[in-house]
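Geometric and topological summary
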Amino acid sequence: MADVELRQLRYFLAVAEELNFGRAASRLLIAGPSLSQQIKALERDLGVRLFDRDRRSVSLTPAGAALLPDARALLDSADALRHRAARIAGSEPVRLGYVSWLPADLTARTSAVARVHVDAWVAPSHTQAARVADGSLDLAVCWVRREDLEARGLSSRLIGADRLYAVSTGHDAAEVRARDVVVLLDDDATTWPSWNAYAEQLARDTGARAAHISDGGITGPAFFDHVRRSRRPILNSPKAQTTPLPPELTARPVVEPKVYWTWSLVWRRSEMRPAVLNTVDALTDGLGDLGIHDSDAWLPDDDPYKQ
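Residues numbered from 1 in each chain as written. Predicted model: local features only at pLDDT ≥ 70, side-chain atom pairs only at ≥ 80, totals over all residues. Heavy atoms only, no water.

1. So, the environment of Cys142
How we decide: Every helix listed is a DSSP run of H or I at least four residues long, and every strand listed is a run of E at least two residues long, numbered separately from the N terminus. Residue burial is assigned from relative accessible area. The probe radius is 1.4 Å, only protein chains are included, and a residue is buried under 20% of its type maximum, exposed over 50%, and partly exposed in between. In what follows, a contact means two residues having at least one pair of non-hydrogen atoms within 4.5 Å.
Structurally, Cys142 is set in strand β5 (residues 139-142). Looking at Cys142, the relative accessible area reads 0%, which means it is buried. A C-alpha to C-alpha distance of 7.1 Å links Cys142 and Ala129, two positions 13 residues apart in sequence. With near-sequence residues (within four places) excluded, Cys142 lies in contact with Val99, Ser125, Ala129, Thr262, Trp263, Ser264 and Val266.

2. What about the pattern of salt bridges?
In plain terms, the rule: Salt bridges are identified by distance alone: a Lys or Arg side-chain nitrogen within 4 Å of an Asp or Glu carboxyl oxygen.
Within this structure, the stated rule accounts for 26 salt bridges. A salt bridge links Arg27 to Glu18; the shortest N-O distance between them is 3.2 Å. By relative accessible area, which is 41% here, Arg27 ends up partly exposed. Among the salt bridges present, the one from Arg95 reaches Asp138, with a minimum N-O distance of 2.8 Å. Of this pair, Arg95 sits in strand β3 (residues 94-98) while Asp138 sits in the loop between α6 (125-133) and β5; the two residues are 43 residues apart in sequence, bridging distant segments of the chain. With relative accessibility at 32%, the residue Arg95 sits in the partly exposed group. Classification of Asp138 by relative accessible area gives buried; the value is 0%.

3. Looking at the layout of surface pockets
So the rule is basically this: Computed over the protein atoms alone on a 1 Å grid, cavities are sets of points where a 1.4 Å probe fits but cannot get out and pockets are open sets with protein on both sides within 12 Å along at least five of seven lines; a residue lines them when it has an atom within 4 Å of a point. Grid points are joined across faces, edges and corners, and a volume is the space filled by probe spheres set on the points.
What the largest pocket holds in volume is close to 270 Å³. In terms of lining, the largest pocket is formed by 16 residues, of which the most central are Val99, Pro124, Ser125, Thr191 and Trp192. Mapped by element, the contributors of at least two residues to the lining of the largest pocket are α6, α8 (193-206) and β13 (258-268). It is α8 that provides the largest number of residues to the lining of the largest pocket, a total of 3 residues.

4. Some words on the pairing of β5
How we decide: What makes two strands pair is DSSP finding at least two bridges between them.
Neither face of β5 is left uncovered, since the one carrying Leu139 and Val141 and the one carrying Ala140 and Cys142 both have all their residues buried. Both β3 and β5 contribute to a ladder of 3 bridges, which runs parallel. Looking at β5, one finds that Leu96 is bridged to Leu139. In this structure, β5 lies alongside β13, joined through 3 bridges in antiparallel fashion. Of the residues in β13, the one forming a bridge with Cys142 is Ser264.

5. A word on the environment of Gly22
Residue placement: Gly22 occurs in helix α2 (residues 21-28). We classify Gly22 as partly exposed; its relative accessible area is 41%. Expressed as a C-alpha distance, the spacing of Gly22 and Ala203, which sit 181 residues apart in the sequence, is 82 Å.

6. A look at helix α9 (residues 221-229)
One turn of the α-helix equals 3.6 residues, which is why residues spaced by three or four share an orientation. Applied cut-off: Here the arc refers to the set of directions running from the helix axis out to each C-beta atom.
Taken together, the buried positions of α9 are Phe223, Phe224, His226 and Val227. Taken end-on, α9 shows its buried residues confined to a sector of 155°, consistent with a single buried face. More than 90 degrees from the buried face of α9, the exposed residues found are Pro221 and Arg229. Among the structural elements, β7 (165-169), β9 (182-186), β10 (209-213), β11 (234-235) and β12 (249-255) are those in contact with the buried residues of α9.

7. Regarding the packing of helix α1 (residues 6-18) against α2
Our working definition: Under this scheme, a helix contributes an axis fitted over its contacting stretch, all axes are lines through C-alpha atoms, and angles between N-to-C directions fall in the 0 to 180 degree range. Roughly parallel covers angles under 35 degrees, roughly antiparallel covers those over 145, roughly perpendicular covers 65 to 115, and oblique covers all other angles. Helix crossings get a hand from a simple test, with the near helix turned counterclockwise from the far one by less than a right angle marking a left-handed crossing and a clockwise turn marking a right-handed one. Gly falls in the polar group here, along with every residue not listed as nonpolar (Ala, Val, Leu, Ile, Met, Phe, Trp, Tyr, Cys, Pro) or charged (Asp, Glu, Lys, Arg).
Axis separation between α1 and α2 bottoms out at 8 Å; the angle between their running directions is 130°. As far as their axial angle goes, α2 and α1 are oblique. Where α1 crosses over α2, the handedness of that crossing is right-handed. The residues of α2 that touch α1, namely those facing Arg10, Tyr11, Ala14, Val15, Glu17 and Glu18, are Phe21, Arg23, Ala24, Arg27 and Leu28. Across the contact of α1 with α2, the residue classes break down as 6 nonpolar, no polar and 5 charged.

Set out below in structure tokens:
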């Protein structure tokens, strides 16, 4: 069986469909004697006779009829594999940018539809959205508002969502109400405009206290310093806290409401290339709403997925 070749299965299929070696040979563009020899070799390798033949007629044996559907399925699978490989090899690279998070299964989801290249320049959400709009990127995972999509001519789909938590000193891990937390706003409007817009509306909607900083302490070790100095828990930023939580600090769930940050996959509305659009489908199909539509969930008013 190990010696059976796809070429021989194609010969078997052609003869089975034509029930005439001459016509099958013409269809396959090979000589009649060669086709006959290949069929005999296939019968020898499989250990069964596939055709009953004499000078006037050719017919499938019971074994040949039984094996024909399996041979056709194998050939169809081989053709599908070849066509998929050709699409991947021949497609343009899809350039994907991000801010601080990508799906863990990105490669598994996209390998069958495109050659996705993750851009090395990690930049804020507004920068990555602008790069998609100007053609520097094909796709980006970032935070956007409806007004951003309209202004830049972009489309979006939900690709991820973080339920944000608060961090406080001590070891009390109890839930904390949103109105009892502090949200940091950084004076560096070049780096933090998306977070600042989000945090400002959260403070307005929930009564959380806004605190202005100027040291980039929205994340990283400087964030922990702010927590140590604060009498209230401070809201952690999404997916950006790569530094382990120090032992004297504790993460606490935020409730009333539960606070969510959404990640969008964005692309140009004018985009027509199948590789890009297929990548969008591969990364977003079947994800569900990730909890953002629960009755006690909070999203900014201009979030593209707020109902």
